[in-house]
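# Overview (structure and organization)
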Amino acid sequence: MTTLTSARAAIDEIDAALATLLERRAALAEAVQRLKPVRGFAGRDPERERQIAEGMAAQAPALGAERLARIMNVVIEAGLELAEERIRARS
Ligand SMILES: C=C(O[C@@H]1C=C(C(=O)O)C=C[C@H]1O)C(=O)O
């Protein structure tokens, strides 16, 4: 039987994996910023972001593209913020 404790433990495990993946994603998003002619928020690409949400919806149909777009908007903005900070700190 699923208990509150075991369900929360399962969520904690998934969140730990998500945190690792988010850290890796942010590092890759920073690498992309360094390759683009216009970096950071100024070089935002809404079409690419839409494709990301659509692609993820194929893996997560219950969440769907609209909710995934909202989730990914926060993820992408956090990555852009971090990339801008790190690029500024090194230049
Ligand atoms: C990383 C890029 O720059 C921005 C960040 C994105 C992301 O974090 O996935 C996607 C599109 C751009 O708004 C990119 O253009 O691929």
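An unreviewed UniProt entry lists the protein under the name Chorismate mutase, with Actinomadura craniellae as the source organism.

### Here's the deal with the pattern of salt bridges
Inspection of every chain in the model, using the stated rule, returns nine salt bridges. One salt bridge in this structure joins arginine 44 and glutamate 77, with 2.8 Å as the shortest N-O distance. Highlighted residues: arginine 44 in the loop between helix H1 (4–35) and helix H2 (46–59) and glutamate 77 in helix H3 (residues 64–90), separated in sequence by 33 residues. Owing to a relative accessible area of 26%, arginine 44 belongs among the partly exposed residues under this scheme. Taking relative accessible area as the criterion, glutamate 77 reaches 32% and is therefore assigned partly exposed.

### Some points on the UniProt feature "domain: Chorismate mutase" (unreviewed entry) in the protein
When the UniProt feature table is mapped onto this chain, "domain: Chorismate mutase" (unreviewed entry) is found at residues 1–87. A helix fraction of 80% and a strand fraction of 0% characterise residues 1–87, whose end C-alpha atoms lie 50 Å from each other.

### Remarks on the site of the ligand
The environment of the ligand is formed by Arg25, Ala29, Val32, Gln33, Lys36, Arg44, Asp45, Arg48, Glu49, Ile52 and Ile76. Measuring from an oxygen atom of the ligand, one finds a side-chain N or O atom of lysine 36 at 2.8 Å. In this structure, an oxygen atom belonging to the ligand sits 2.9 Å away from a main-chain N or O atom of aspartate 45. In isolation the ligand offers 360 Å² of accessible surface; the protein chains occlude 90% of this area. Among the elements of the structure, H1 and H2 are those that each provide at least two residues to the shell around the ligand. Of all the elements, H1 adds the most residues to the shell around the ligand, at four residues. Residues that form the shell around the ligand fall into these classes: four nonpolar, one polar and six charged.

Cut-offs and rules
Residues numbered from 1 in each chain as written. Predicted model: local features only at pLDDT ≥ 70, side-chain atom pairs only at ≥ 80, totals over all residues. Heavy atoms only, no water. Salt bridge = Lys/Arg side-chain N within 4 Å of Asp/Glu carboxyl O. Helix = DSSP H or I, 4+ residues; strand = E, 2+ residues; numbered from the N terminus. Buried < 20%, exposed > 50% of the residue type's maximum accessible area, 1.4 Å probe, protein only. UniProt positions renumbered as here; feature names shortened; annotations may be inferred. Near = heavy atom within 4 Å. Polar contact = N/O pair within 3.5 Å; in protein donor to acceptor, adjacent residues only side chain to side chain. Areas by Shrake-Rupley, 256 points an atom, 1.4 Å probe, with all protein chains shown as cover. Nonpolar A, V, L, I, M, F, W, Y, C, P; charged D, E, K, R; others polar.

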